[in-house]
Amino acid sequence: MTTIMDGKALSEKIYEKIKSDVEKLDRKPTLAVILTKDNEAGAVYVRNKQRACEKTGINSMTIEFEPNVTENEMLSKIDELNNAPEVDAILVQLPVPNHLDTEKILNRISPDKDADGFHYVNAGKMFTGQMPASIACTPKGIIRLLDEYKIKLEGLNALVIGRSNIVGKPIAQLLLQRNATVTMAHSKTKNLSEYTKMADLIVVAIGKPKFLNGDMVKDGVVIIDVGISRVDGKLSGDVDFDSVAPKASFITPVPKGVGPMTVAMLIQNTLELSK
Ligand code: NAD
């Protein structure tokens, strides 16, 4: 039997808990979001994040820049937000325009206000098991979802496909901390099917619609589909759901799987940073 892991329902449950936690605070936490006006996909995500703030009683402020914003202008704004006592958490919606240095911008955010957990100090703490207040939201949300469905990770053969700093590398690390045996695959991996067929758990984060199909996986596999692509106006994950789901014990859908969990963990990070 296949269980479809409902990230949307779990995110709503998390919002209820955050809302009641926020009500007990003396002041509402504030999340500041920086966005450039040419980032259309980013603007959709920012609206989802604002809605999640509204649901939980968290203040959100959005700072919009023109696409030709200079690096210094953006860095100065980050400095200003770092020094603003009323701001608890800051995020820069990626991607930023090509003429800006993404790493430089993300690392300018104070690690104490790093809503996305992308700052190298927070990433480094997580990699050395020190668990900072903010951990990258997508990997954090995946672990929360696996826990909700009581999937025991210890000793599992876990395969992570994709090695980005925001998903692949940190989820591999979190799975390792839970005593899974972790293999990482990427665009240069040879004979990928040999790895996918051995895996008890597969996290796919590559951005290639329906890439992983039923012939590549074994019966009973747990599938976490991180991919989000738009195909003919519809959202598609990296997993060919129709051929993989019948073989899987647990699988996340796209939409309503990992996506809502990512936003919920951002709100959770904001609350934790405010404490
Ligand atoms: P990325 O786009 O930075 O990099 C893609 C990764 O996939 C690289 O590491 C590359 O080596 C690997 N890859 C590419 N082709 C491959 C192949 N044929 N075989 C094996 N590996 C291959 O990665 P990202 O930023 O983690 O994004 C990946 C996908 O996840 C995108 O669709 C993105 O939109 C989505 N995403 C979703 C969420 C969410 O909340 N659901 C969050 C972040 C990213």
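Everything discussed here concerns the structure shown above.
Let me sum up the structure you'll find in this document. (Residues numbered from 1 in each chain as written. Predicted model: local features only at pLDDT ≥ 70, side-chain atom pairs only at ≥ 80, totals over all residues. Heavy atoms only, no water.)

## Structural notes on the packing of aromatic side chains
Keep this limit in mind: In summary, the pairing rule links any two rings of Phe, Tyr or Trp, Trp by its six-membered ring, whose centres are within 6.5 Å, and it sorts them by plane angle into stacked for under 30 degrees, edge-to-face for over 60 and tilted for everything else. Under the DSSP-based scheme used, a helix requires at least four consecutive residues in state H or I and a strand at least two consecutive residues in state E, with every element numbered from the N terminus. Whether a residue is buried, partly exposed or exposed follows from its accessible area with a 1.4 Å probe, protein chains only, as a fraction of its type maximum: under 20%, in between, or over 50%, in that order.
This structure, assessed with the given rule, holds 1 aromatic pair. Taken together, a centroid distance of 6.2 Å and an interplanar angle of 65° make the contact between tyrosine 149 and phenylalanine 250 edge-to-face. Remark: phenylalanine 250 occurs in strand S11 (residues 248–251) and tyrosine 149 occurs in the loop between helix H6 (137–148) and strand S5 (157–161); sequence separation between them is 101 residues. Under the relative-accessibility criterion, tyrosine 149 is labelled partly exposed at 23%.

## Examining unusual backbone geometry
Cis peptide bonds are those with omega within 30 degrees of zero, and the linkage from leucine 94 to proline 95 qualifies with -5°. Residue placement: proline 95 occurs in the loop between strand S4 (89–92) and helix H4 (102–106). In this structure, the amide linkage connecting valine 254 to the following residue, proline 255, adopts the cis form with an omega of 0°. Assignment of secondary structure puts proline 255 in the loop between S11 and helix H10 (258–274). Despite not being glycine, lysine 150 has its phi angle at roughly 55°, a positive value. Considering the arrangement of structural elements, one finds lysine 150 in the loop between H6 and S5. Its identity is not glycine, yet aspartate 232 carries a phi of approximately 50°, on the positive side.

## Some remarks on the pattern of salt bridges
Threshold: Basic side-chain nitrogens of Lys or Arg form a salt bridge, by our definition, when they fall within 4 Å of a carboxyl oxygen of Asp or Glu.
Under the criterion given, the structure shown has 14 salt bridges. For glutamate 12, the salt bridge is made with lysine 8, and the minimal N-O distance between the two is 2.8 Å. Of this pair, glutamate 12 and lysine 8 both sit in helix H1 (residues 7–23), 4 residues apart, roughly one helical turn. Judged by relative accessible area, which is 33%, lysine 8 ranks as partly exposed. Notably, a salt bridge pairs aspartate 147 with arginine 178, separated by 2.8 Å at the nearest N-O pair. Of this pair, aspartate 147 sits in helix H6 while arginine 178 sits in the loop between helix H7 (168–177) and strand S6 (181–185), and the two are 31 residues apart along the sequence. Judged by relative accessible area, which is 34%, aspartate 147 ranks as partly exposed.

## Considerations on a nonpolar patch on the surface
Keep this limit in mind: Note on patches: the residues involved have over 30% relative accessible area and no salt bridge, like charges join within 9 Å, and the nonpolar side chains Val, Leu, Ile, Met, Phe, Trp and Tyr join within 5 Å. Under the convention used here, a 1.4 Å probe and the Shrake-Rupley method define accessible areas, while residue burial counts only the protein chains that appear.
Together, Tyr45, Ile228 and Leu235 make up a nonpolar patch on the protein surface, roughly 240 Å² of accessible area in all. Structurally, the position occupied by isoleucine 228 is in the loop between strand S8 (221–225) and strand S9 (229–231).

## Re the site of the ligand
Put simply, the rule reads: We call a residue near a molecule or strand whenever a single non-hydrogen atom of that residue lies within 4 Å of it. In protein, a polar contact means a hydrogen-donor-capable atom and an acceptor-capable atom, both N or O and within 3.5 Å, with residues adjacent in sequence counting only if both atoms are side-chain atoms; elsewhere, any N or O pair within 3.5 Å suffices.
Lining the immediate environment of the ligand, one finds 20 residues, of which Arg163, Ser164, Lys208, Ile228 and Thr262 sit closest. A distance of 3.0 Å separates an oxygen atom of the ligand from a polar atom in the backbone of isoleucine 228. At 2.7 Å from an oxygen atom of the ligand is found a side-chain nitrogen or oxygen belonging to threonine 262. Burial of the ligand by the surrounding chains reaches 74%, relative to a free accessible area of 850 Å².

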